Every structure is written in C-alpha cells, then in structure tokens.
Amino acid sequence: MSTPRWDHLLLDATLATFAGDRPFGLIEAGALALKDGRIAWVGPACDLPAAPDTLATSIDRLDGALVTPGLIDCHTHLVFGGDRAHEFDLRLNGASYEDIAKAGGGIASTVRATRAGDEDALLRQSLPRAHALLHDGVTTLEIKSGYGLDLATERRMLRVARRIGETLGITVRTSFLGLHALAPEYRDRRTDYVAQVCEAMLPALAAEGLVDAVDAFCEGIGFSREETARVFERAKALGLPVKLHAEQLSDLDGAALVAQYRGLSADHLEHLSESGVRAMAAAGTVAVLLPGAFYALRETRLPPIDALRAHGVPIAIATDCNPGTSPLLSLRLAANVACMLFRLTPEEALRGITANAARALGLGDRGTLVVGQRADLAVWHALQPAELCYWIGGNLLRALWIGGAPVTIP
Ligand code: DI6
Ligand code: FE
C-alpha cells in the first residue's frame, strides 16, 4: 500500500473558500486536504486524484457541513481591566455620557482599572473575552493597547495580548494605540504627551517586539491630524505599518491621512467623505466597519457603503470589542449587525471577517481556502454560508482547526 500523501482529509464539505469568482467561492461536495499545517488540496471531491481512503492518514466526512477559513477579528481592544456595565445601567437610567465622564467614568475609569492590575490579573480578566471569540470561530485576533497611556501599562497590555495568543494557540497581532486618549497626568500638556508617545513609548515597545502595527484615535475628542501624523512618522521610521480610527464621530480627513502612509486600514468611517474613499481606493487601504460601536452608540449615520463599493475599497468587519462603545463578544454577530444595519450582503459580511480582515492585518497567508494557506479552518453547524450571519447569536461552531491541528473547544 502506498503511503498516504496528506495528514488529513475533510470530505463531503460545503467549502466557502472566498477565492475565485463564484459567490462565497463556494464548492459543494468538496474535499480539503491538510499537510504540515497548510492546505494541500481543495476542490470538488469528484476531482480527487485517487480513492479518498488511500490519500490521507485520517478522514472526516462532514455530511455537507459548511467549512470556512478560521474567522479573523481585525480590530479589538479586548485587553482591559474592570468593566463599564454600571455605566450602561446609569445611561439607561437617564445619565448622559458627559455626566458619567465628569464623575470620573468613561475611558478614564478603564485606564485606572487597567493600571491597577498586574500582568496576571489583566490576563485573567481578558482571557475569557478572547475565549468567547475563539468559541465563535476566531483563529486570528488583533488586540490594541491604549488603556494604559503610560509606558509600563501599555507594555503590560501588549504582553498580555501576546500571552493570550500563546495560551489559546491563536494568532494575535498587536497594535500600539498610545494616542487613544490623553493621559490624565498630561491634562494641560498635550504636546508633551504626544512627544512621550512618539519618542519614548513607541520606540521602546517596538524594540521589545511588542508592536505589529501603530494605531491612533483621530477625532475631536481624541487626537488631531497633525498629532496623528507625528506618530505615523515615527512608525514609518521604525518600519511599522499604520492604521487609524478615522471619521467615527466627525470628518477630520483621517482616512486620507492613513492612505497617504499606505496604511493597512481606516476603521469606523461613518463620516467618511467621497475624497477619503478615493484616497483609500488608490492606496489599497481596507475599510474596517465596526457595527458594534454603531449599534451600542445608537448612531444613525451610516458609513458610505455604496461609495466604498463603487471604488472597490475592500470592506472588513470587526467587533471593536471594548468596554465603552462595543462590548461585543461575537464576530458572527458583528457580521449579522453589518447585514442588518449597514445592509451588507452576507457575502460582503463574510469576506469582511475572513479574506478582507486578513488583508486589514497585512496577513497574506490566511483568510481564504486556497492551497498553500495556513490550515486555520472552522467547521459549522450550518449547510450554507449565509447562515453564519443569518442566525442572531447562538453557537454554531462544530470544529476548529488551527495550523492543521484540531482544537478541542471545551
Ligand atoms: N473609539 C471608541 O469608540 C472607543 N475607542 C475608540 O477609539 C471608546 C473606548 C472606550 O470608551 O473605552
Ligand atoms: Fe476601536
């Protein structure tokens, strides 16, 4: 008997490959082979080169179950201390966001709680959130700093992000978000804070290998275009890619700025202008839409979806998981909300949490089911792709493979 050439073969699968021209890149009655942690073969089972039993060491017959790439959440702030559920309660009892901020709540309270905990405490609090996303099929996750606003705490957040990746066996990409809010110690010294972020914090954390990309909150209540450009210049000098929270609450032309730096993504974008869309299209910058924040803030102004489509800007969807404006722990639910509130098609929403999310992280080795890609796969209690964003919540995950190995989901 000849030696099987593949480690594992999935048979009788409905494959949403997100490659090729067909909707969802769909292959029915499909087969997918894994070898050495990569996808070794993919196509209709009838095209397999020999009888399946002779081809692989082990075989799974899936009875038509849907298989997608492992999902990719390309924008989260899921490492933080404490929570803000009490503020949610206060708001629903009539307090305004401003009242809460004046009373020391809001982002400042998360900064205090994040500074208060050591690394283990922060990991203990944050890990369940990453675990919830994993349970929903997420195998690659971006995590930002930005609730420390001092070197020691920003470092701690990024180290916890790395430890989440190691603990769960998933890929974690880190973004340094020093320009998220003004650190309280710098209340009347904005310029000094921006200098501290650019000249001290970013170079130190980058030298420690803790930074995969650099982000900023470019907004009236955040940082100006000029301040953002300073941190982007520093990132460029360090050879790090940039991305931006842009046009969430107002139009500061941040998307055009990040496009000018050939940034990976511009995120939020409810107030994005036509010229911003054009700049993103020209630079290949991905539009990351965050329906969780739109929903939780009860926003009414939609991102310019038609213009993004018309100019061929790739659209990704993420949870924006954070304690203030998007306490969202399901990427599939984010895709559902994107369909319902942004009117994305299921195919757009699902490309947004796979192929285009990979692109938003600059990762060329995942997000599609194509030979040579990492074997990060999700198998679903579903028979067709649209189900993933049709069901509102629930647990549809049937099996998960990371780097070619099956993951036990407790
Ligand atoms: N945009 C937001 O909406 C959040 N951060 C950001 O950059 C707010 C984060 C928080 O309130 O904790
Ligand atoms: Fe965010």
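Whatever comes next refers back to the structure up there.
Source: prediction; values computed, not measured.

Regarding the coordination of the iron ion (ligand 2)
Okay, so step 1: The protein atoms that coordinate the iron ion (ligand 2) are H75 (NE2), H77 (NE2), H245 (NE2) and D320 (OD), at distances spanning 2.1 to 2.3 Å.
Okay, so step 2: If you look at the iron ion (ligand 2), its 4 donor atoms make angles of 80 to 166 degrees with each other, and the shape they trace is irregular.
Okay, so step 3: In the primary sequence, the donor residues of the iron ion (ligand 2) line up as H-x1-H-x167-H-x74-D.
Okay, so step 4: The buried category is assigned to H75, whose relative accessible area is 0%.

Re the pattern of salt bridges
Okay, so step 1: The tally for this structure, following the rule as stated, stands at 24 salt bridges.
Okay, so step 2: Where K144 meets D215, a salt bridge forms, and the shortest distance between an N and an O atom there is 2.8 Å. Of this pair, K144 sits in strand β7 (residues 138–144) while D215 sits in strand β9 (residues 213–216); the two residues are 71 residues apart in sequence, bridging distant segments of the chain. As far as the burial class goes, K144 and D215 line up, both buried.

Concerning the site of ligand 1
Okay, so step 1: What surrounds ligand 1 is the set R84, Y97, I107, Y147, H180, F217, H245, Q248, N322, G324 and T325.
Okay, so step 2: Side-chain polar atom of R84 to an oxygen atom of ligand 1: 2.8 Å apart, as the coordinates give it.
Okay, so step 3: Side-chain polar atom of H180 to a nitrogen atom of ligand 1: 2.9 Å apart, as the coordinates give it.
Okay, so step 4: Within the complex, 96% of the 320 Å² of free accessible area of ligand 1 lies under protein.
Okay, so step 5: Of the pockets mapped on this structure, ligand 1 occupies the largest pocket.
Okay, so step 6: Looking at the shell around ligand 1 residue by residue, the classes come out as 4 nonpolar, 6 polar and 1 charged.

A look at the side chain of S330
Okay, so step 1: Looking at where S330 falls in the secondary structure, it is placed in the loop between β13 (315–317) and α12 (331–342).
Okay, so step 2: Judged by relative accessible area, which is 13%, S330 ranks as buried.
Okay, so step 3: At 2.8 Å, the side chain of S330 forms a polar contact with the side chain of D136.
Okay, so step 4: Ignoring anything within four residues of it in the chain, the contact list for S330 reads L133, D136 and T319.

Considerations on the sheet that holds β13
Okay, so step 1: Judged by pairing direction, the sheet is parallel, and its 4 strands sit side by side in the order β10-β11-β12-β13 without closing on themselves. A single partner strand is all that each edge strand has here, and the edge strands are β10 (243–246) and β13. Strand-to-strand, the axes of this sheet are offset by a mean angle of 25 degrees, without reference to chain direction.
Okay, so step 2: Both β10 and strand β11 (residues 265–268) contribute to a ladder of 4 bridges, which runs parallel. Of the residues in β11, the one forming a bridge with K243 is S265.

Observations regarding the sheet that holds β9
Okay, so step 1: Read from one edge to the other, the open sheet built from 4 strands follows the order β6-β7-β8-β9, with strand pairing classed as parallel. The sheet is open, and its two borders are formed by β6 (71–73) and β9, each paired with just one other strand. When strand polarity is set aside, the average angle formed by the axes of neighbouring strands in this sheet is 20 degrees.
Okay, so step 2: Against the sheet, helix α5 (residues 151–168) makes contact with β7 and β8 (171–179), and its axis sits at roughly 170 degrees relative to β8, the strand it touches most.

Digging into the packing of helix α4 (residues 119–135) against α5
Each packed pair of helices is defined by two parameters, the angle between the axes and the distance between the axes.
Okay, so step 1: It is the contact of α4 with α5, at a shortest axis distance of 9 Å, that shows an interaxial angle of 50 degrees. Taken together, the axes of α4 and α5 lie oblique to each other. When the axes of α4 and α5 are compared, the crossing they make is right-handed. Packed against α4, whose contacting residues are E119, D120, L122, L123, S126, L127, A130, H131 and L134, the element α5 presents R156, M157, R159, V160, R163, I164, T167 and L168 at the interface.
Okay, so step 2: A per-class count over the contact of α4 with α5 returns 9 nonpolar, 3 polar and 5 charged.

Remarks on the packing of aromatic side chains
Okay, so step 1: Inspection of the entire model under this criterion finds 7 aromatic pairs.
Okay, so step 2: Each ring, one from F80 and one from Y147, has its centre 6.2 Å from the other, and the planes form 70 degrees; the classification is edge-to-face. Of this pair, F80 sits in the loop between β6 and α1 (85–92) while Y147 is found in the loop between β7 and α5, placing the two residues 67 residues apart along the sequence. Taken individually, F80 and Y147 each receive the classification buried, so the pair is uniform in this respect.
Okay, so step 3: The ring of W6 has R5 lying over it, and the distance from NZ or CZ to the ring centre is 5.5 Å.
Okay, so step 4: The side chain of R189 reaches across the aromatic face of Y186, ending 4.5 Å from its centre.

Rules and cut-offs
- Residues numbered from 1 in each chain as written.
- Chains lettered and ligands numbered in written order.
- Predicted model: local features only at pLDDT ≥ 70, side-chain atom pairs only at ≥ 80, totals over all residues.
- Heavy atoms only, no water.
- Donors = N, O, S within 2.8 Å, 3.2 Å for Na, K, Ca; no water.
- Tetrahedral: all angles 85-135°; square planar, octahedral: opposite > 155°, others 65-115°.
- Buried < 20%, exposed > 50% of the residue type's maximum accessible area, 1.4 Å probe, protein only.
- Salt bridge = Lys/Arg side-chain N within 4 Å of Asp/Glu carboxyl O.
- Helix = DSSP H or I, 4+ residues; strand = E, 2+ residues; numbered from the N terminus.
- Near = heavy atom within 4 Å.
- Polar contact = N/O pair within 3.5 Å; in protein donor to acceptor, adjacent residues only side chain to side chain.
- Areas by Shrake-Rupley, 256 points an atom, 1.4 Å probe, with all protein chains shown as cover.
- 1 Å grid on protein atoms, 1.4 Å probe; cavity = no way out; pocket = protein on both sides within 12 Å on 5 of 7 lines; lining within 4 Å.
- Sits in = over half its atoms within 2 Å of the grid points.
- Nonpolar A, V, L, I, M, F, W, Y, C, P; charged D, E, K, R; others polar.
- Contact = heavy atoms within 4.5 Å.
- Pairing = 2+ DSSP bridges.
- Axes fitted to C-alpha atoms, helices over the stretch in contact; angles between N-to-C directions.
- Parallel < 35°, antiparallel > 145°, perpendicular 65-115°, else oblique.
- Left-handed = near helix turned anticlockwise from the far one by under 90°.
- Phe/Tyr/Trp six-rings, centres within 6.5 Å; stacked < 30°, edge-to-face > 60°.
- Lys NZ or Arg CZ within 6 Å of the ring centre and 35° of its normal.

What is shown is where atoms sit, not what they do.
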